[in-house]
Amino acid sequence: LPMFAEIEKLTATLTGGRARTYVITATSDLQVAGLPVIVDAVGEFRTAYAATGGSGYLVRPDGYLGFRATPITTTALRSHLKRVFNTRTSAVAVTS
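About the cut-offs
Residues numbered from 1 in each chain as written. Predicted model: local features only at pLDDT ≥ 70, side-chain atom pairs only at ≥ 80, totals over all residues. Heavy atoms only, no water. Helix = DSSP H or I, 4+ residues; strand = E, 2+ residues; numbered from the N terminus. Contact = heavy atoms within 4.5 Å. pLDDT = per-residue confidence, 0-100. Salt bridge = Lys/Arg side-chain N within 4 Å of Asp/Glu carboxyl O. Buried < 20%, exposed > 50% of the residue type's maximum accessible area, 1.4 Å probe, protein only.

Participant: Please set out the side chain of Thr-11 residue by residue, giving values where relevant.
Facilitator: Of note, Thr-11 is situated in helix H1 (residues 2-15). Apart from the residues within four sequence positions on either side, Thr-11 is in contact with Ala-19, Thr-21, Leu-77 and Leu-81.

Participant: Any chance you could break down the confidence of the model for the chain for me, citing the residues and the numbers?
Facilitator: Looking at the chain as a whole, the pLDDT averages 84, with 89% of positions reaching at least 70. The low-confidence segment residues 87-96, where pLDDT is below 50, has three contacts with residues more than four positions distant or belonging to other chains.

Participant: Explain the pattern of salt bridges residue by residue, including any values.
Facilitator: Taken as a whole and assessed by the stated rule, the structure comprises one salt bridge. Between Asp-62 and Arg-60 there is a salt bridge, with the nearest N and O atoms lying 2.5 Å from each other. Residue Asp-62 is classed as partly exposed on the basis of its relative accessible area of 46%.

Participant: I'd like to hear about the environment of Phe-85, residue by residue, with values.
Facilitator: By the element assignment, Phe-85 lies in helix H3 (residues 74-95). Its relative accessible area of 9% is what places Phe-85 among the buried residues. In this structure the C-alpha to C-alpha distance between Phe-85 and Thr-15, which are 70 residues apart in sequence, comes to 6.1 Å. If we skip the residues at most four places from it in the chain, Phe-85 touches Leu-14, Thr-15 and Arg-18.

Spelled out as structure tokens, the structure:
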């Protein structure tokens, strides 16, 4: 499962640590070194976000879905995070 570690590193780097990576699974048998694993045994996350295996989701603090990719790839995630976080950083710098 090295892809999880790569996604976590990419997310931390491009967001300046402002986003966290979690692994959400339906069963408790999946363990990923260095990442928190949330067991969605009842299916609440799956139901709320129409989640499927192998997908990646960026859920904003207000609960809205900011990004979804099926399957999750570092290319798609990198593109999204650069667009969102670079724009946000530039806007803050201009208004300060």
